[in-house]
Amino acid sequence: MDIRLGNGFDVHALDDGDHVILCGVKIPFCKGLRGHSDADVGMHAITDALFGALSEGDIGQWFPPSDPQWKGAASEIFLRKAIERVAARGFQIGNLDCTLICEMPKIGPHAKAMQDMLADITGVDVGRISVKATTSEHLGFTGRGEGIAAIATAAIFAP
């Protein structure tokens, strides 16, 4: 059996707005995330983890921010491409684990909806998808509320 792991990391700055999108879920908030696409740091980190497990680069290589066609794009497009590549290479997703790093908004009340959304997009059983959060104890840019970061790990396998 061929088992591979990949990790992903993403950061987006907080800016003017009235919501953030995290792991595909729109969360009302007093700010928005700034990015070329919808700036979904969770989905971007998971996408990078899958591309990393395949040794196929990163989200920026597949969807360059310099390409205007991705302006405002839903991050689901990027994740679906990574899932397509996993299948094309003969792999299956074993599990996904994503940690969102921010002081606000509170992630706990939305974590189940995020897991459900990711399960729906990936076709992976919700029991194999983890979405959780941590703060940075008011340290650094996430602690000051200047941005949100995410780290993700993906395990893939070929039977």
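Provided above is the structure to which this section pertains.
The rules behind these values
- Residues numbered from 1 in each chain as written.
- Predicted model: local features only at pLDDT ≥ 70, side-chain atom pairs only at ≥ 80, totals over all residues.
- Heavy atoms only, no water.
- Helix = DSSP H or I, 4+ residues; strand = E, 2+ residues; numbered from the N terminus.
- Buried < 20%, exposed > 50% of the residue type's maximum accessible area, 1.4 Å probe, protein only.
- Salt bridge = Lys/Arg side-chain N within 4 Å of Asp/Glu carboxyl O.
- Axes fitted to C-alpha atoms, helices over the stretch in contact; angles between N-to-C directions.
- Parallel < 35°, antiparallel > 145°, perpendicular 65-115°, else oblique.
- Left-handed = near helix turned anticlockwise from the far one by under 90°.
- Contact = heavy atoms within 4.5 Å.
- Nonpolar A, V, L, I, M, F, W, Y, C, P; charged D, E, K, R; others polar.
- Polar contact = N/O pair within 3.5 Å; in protein donor to acceptor, adjacent residues only side chain to side chain.

S.K.: Looking at this model, I keep getting lost on the overall build of the chain. Mind explaining?
M.R.: Helix and strand content of the chain: 5 helices and 7 strands. Listed N to C, the secondary structure of the chain is β-β-β-β-α-α-α-β-α-β-α-β in terms of helices and strands. Along the longest, intermediate and shortest principal axes, the C-alpha atoms of the chain span 45 × 35 × 25 Å. Going through the 159 residues of the chain one by one, you find that 47% of them count as buried.

S.K.: What should I look at first to understand the pattern of salt bridges in this one?
M.R.: Two side chains of opposite charge can pair, provided their charged atoms sit close to one another. One pass over the structure, following the stated rule, counts 9 salt bridges. In this structure, R4 engages D2 in a salt bridge whose closest nitrogen and oxygen atoms are separated by 3.4 Å. On the basis of relative accessible area, R4 is assigned to the partly exposed category, the value being 25%. Residues joined by salt bridges that share partners form a network here, namely E56, R85 and R89.

S.K.: Would you explain the packing of helix α1 (residues 41–53) against helix α3 (residues 75–88) in this entry?
M.R.: Contact geometry of α1 with α3 gives a least axis separation of 9 Å together with a crossing angle of 20 degrees. Judged on the interaxial angle alone, α3 and α1 are roughly parallel. As α1 runs across α3, the sense of the crossing is left-handed. Facing M43, H44, I46, T47, L50 and F51 of α1, the residues of α3 in contact are S75, E76, F78, L79, K81, A82, I83, R85 and V86. Taken together, the residues that form the contact of α1 with α3 break down as 9 nonpolar, 3 polar and 3 charged.

S.K.: In this structure, what is going on with the side chain of D38? I would like to understand it.
M.R.: Among the secondary structure elements, D38 is positioned in the loop between β4 (32–34) and α1. Here the side chain of D38 touches D40 through a polar contact of 3.2 Å, landing on its backbone nitrogen. Separated by 2.4 Å, the side chains of D38 and S75 make a polar contact. Setting aside chain neighbours within four positions, we find D38 in contact with I21, H44, G72, A73, A74 and S75.

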